[in-house]
Amino acid sequence: MSGHEEGRAVLADRRFSSDRRKDGFPLFNVDAETLEQLRSQPPLMVGMDGAEHAAARRPVIGEFTVKRLAALRPRIQAIVDRFVDDLLATGDRPVDLVQGLSLPVPSLVISELLGVPYTDHDFFQSCTAVAVRRTSSPQDRRRALAELRAYIDDLITRKEAEPGDDLFSRQIARQRQEGTHDHAGLVSMAFLLLTAGHETTANMISLGVIGLLTHPEQLALITADPGRTPLAVEELLRYFAIADTVAARVATEDVRIGGVSVKAGEGVIVSGLSANWDPSAFKNPAELDVERGARHHLAFGFGPHQCLGQNLARMELQIVFDTLFRRVPTLRLAVPVEDLPFKTDAVIYGAYELPVIW
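Residues numbered from 1 in each chain as written. Predicted model: local features only at pLDDT ≥ 70, side-chain atom pairs only at ≥ 80, totals over all residues. Heavy atoms only, no water.

1. Quick look at the overall build of the chain
From N to C terminus, the chain includes 16 helices and eight strands. Its C-alpha atoms give the chain a radius of gyration of 20 Å, within 12% of the compact-globule value 21 Å for 358 residues. A principal-axis box enclosing the C-alpha atoms of the chain has dimensions of 55 × 55 × 40 Å. Pairs at least 24 residues apart make up 73% of the contacts formed inside the chain by residues separated by at least 6 positions. Taken as a whole, the chain presents about 16000 Å² of accessible surface, with 53% of it coming from carbon and sulfur. In the chain, the 39 positive side-chain charges and the 48 negative ones have mean positions that sit 4 Å from each other. (Helix = DSSP H or I, 4+ residues; strand = E, 2+ residues; numbered from the N terminus. Rg over C-alpha atoms; globule rule 2.2 N^0.38 Å. Contact = heavy atoms within 4.5 Å. Areas by Shrake-Rupley, 256 points an atom, 1.4 Å probe, with all protein chains shown as cover. Lys, Arg positive; Asp, Glu negative; His and termini not counted. Charge placed at Lys NZ, Arg CZ, Asp CG, Glu CD.)

Quick look at the structure:
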């Protein structure tokens, strides 16, 4: 589905299932062994439907409310300032902003929120990178995900023995109090939150910087008035739509959407980029307009599976853009934008490197 209205309709319709284990679900580059493994493991929250999904989502949604995340703002600001300090202190130029800012900021934020040792960030970043790369073989992807799941299983086991002040420890305490302790379910939840919590935001930081640097008149609007930055973040999310094929579903019964008949058992992919560039929903969609007010975009999905961490992502992006362009006002690309190595081979779009000078 490529239209904005049709995309929202699919994502909100309970006749389309998110269960990756169902026959007909559109999976990419998956062999029989991977499919068998997928069906033998507890499903991730993104692969649940209806009451099962609501029950898994309800206990953690409170961790990501605007009010609760507001308390994290000073810490996120300190993290961003730290990496911008390091950026400014370097004597070598150009500097790769992906390694110097885009990746470490969301990785450190999600590590602290979840209670994951940041010293392990190279490991979980590399596993995630293999998993989302379209050119990875099924065997390599399966091995990377198995290693990451084993790491998270051990992490949850340690927190069950010695809980701390973090999201996972609070979930363990809640389940024990309710008598619903589920180690395998906690591992699946942790797996999803860790992998989703840094890769998408990291790519949006890089792409947002590229978008603003290549549209200096738009950048000037937010540097003159940081009150415009929240709108700019929404527009950048719309403009790039980095997780274009993540919103996949399979029909559980015959459905007609946007004049198209979908039969039970057929897979559907909602194209986020096409929906976010639909001229019936966004005037002149190919233009980057930070004053557009584009909060009805589908960058975070729609319906019951709308991204759990969207408020955290918005906050991180706002802080990064405001801080970076305030403290490094002469920042510019070190190479022409067409020479940047973009992630055209990955499920989540972004840039592998972002060399900048100032």
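Let's pick the thread back up.
2. Some thoughts on the packing of aromatic side chains
Scanning the model with the defined rule gives four aromatic pairs in all. Ring geometry for Tyr239 against Phe240: centres 5.1 Å apart, planes inclined by 85°, an arrangement best described as edge-to-face. Accessibility classification places Tyr239 together with Phe240 in one group, the buried group. Here Arg149 stacks its cationic end above the ring of Phe191, 5.0 Å away from the centre of that ring. Sitting over the face of the ring of Phe282, Arg238 holds its NZ or CZ atom 5.4 Å from the ring centroid. (Phe/Tyr/Trp six-rings, centres within 6.5 Å; stacked < 30°, edge-to-face > 60°. Buried < 20%, exposed > 50% of the residue type's maximum accessible area, 1.4 Å probe, protein only. Lys NZ or Arg CZ within 6 Å of the ring centre and 35° of its normal.)

3. Description of the packing of helix α5 (residues 73-89) against helix α7 (residues 104-114)
Think of two packed helices as two axes; the pair is described by the angle between the axes and how far apart they sit. Contact geometry for α5 and α7: axes closest at 10 Å, N-to-C directions at 145°. With respect to the hand of their crossing, α5 and α7 are arranged in right-handed fashion. Counted together, Arg75, Ile76, Ile79, Val80, Arg82 and Phe83 of α5 and Pro104, Val105, Leu108, Val109 and Glu112 of α7 form the full contact between these two elements. Class assignment for the residues of the contact of α5 with α7 results in eight nonpolar, no polar and three charged. (Axes fitted to C-alpha atoms, helices over the stretch in contact; angles between N-to-C directions. Left-handed = near helix turned anticlockwise from the far one by under 90°. Nonpolar A, V, L, I, M, F, W, Y, C, P; charged D, E, K, R; others polar.)

4. What to know about the layout of surface pockets
Which parts of space are left empty comes out when a probe the size of a water molecule is rolled across the atoms. Empty space within the second largest pocket amounts to approximately 400 Å³. Contributing to the lining of the second largest pocket are 19 residues, with Met48, Ala56, Gln175, Asp182 and Gly185 lying nearest its centre. For the lining of the second largest pocket, the elements supplying multiple residues, two or more each, are α3 (50-61), α10 (167-178) and α11 (183-196). Here the residues of the lining of the second largest pocket are counted per class, giving 10 nonpolar, five polar and four charged. (1 Å grid on protein atoms, 1.4 Å probe; cavity = no way out; pocket = protein on both sides within 12 Å on 5 of 7 lines; lining within 4 Å. Points joined across faces, edges and corners; volume = space filled by probe spheres on them.)

5. Some thoughts on unusual backbone geometry
Unusually for a residue other than glycine, Ala241 sits at a positive phi of about 40°. Tracing the backbone shows Ala241 in the loop between α14 (229-240) and β3 (248-251). Here Asn284, not a glycine, exhibits a phi torsion of approximately 45°, which is positive. On the secondary structure map, Asn284 appears in the loop between α15 (272-276) and α16 (310-327).

6. A look at the pairing of β3
The side-chain alternation of β3 yields two buried faces, one formed by Ala248 and Val250 and the other by Arg249 and Ala251. With two bridges joining them, strand β1 (residues 16-17) and β3 adopt antiparallel strand pairing. Among the inter-strand pairings, Ser17 is bridged to a residue of β3, identified as Val250. Two elements, β3 and strand β6 (residues 267-269), share three bridges in a ladder whose sense is antiparallel. By the bridge assignment, Arg249 is partnered in β6 with Val268. (Pairing = 2+ DSSP bridges.)

7. Section: the sheet that holds β3
With respect to topology, three strands assemble into an open sheet ordered β1-β3-β6, the strand pairing being antiparallel. The sheet is open, and its two edges are formed by β1 and β6, each paired on a single side.

8. Let's talk about the packing of helix α9 (residues 138-161) against α11
In the contact formed by α9 and α11, the axes pass within 9 Å of each other and the chain directions differ by 120°. Taken as axis vectors, α9 and α11 run oblique relative to one another. α11 is crossed by α9, and the crossing has right-handed handedness. Residues Leu145, Leu148, Arg149, Ile152, Asp153, Ile156, Thr157 and Glu160 of α9 form the contact with α11, whose own contacting residues are His183, Leu186, Val187, Ser188, Ala190, Phe191, Leu194 and Thr195. Of the residues assigned to the contact of α9 with α11, the class counts are nine nonpolar, four polar and three charged. (Parallel < 35°, antiparallel > 145°, perpendicular 65-115°, else oblique.)

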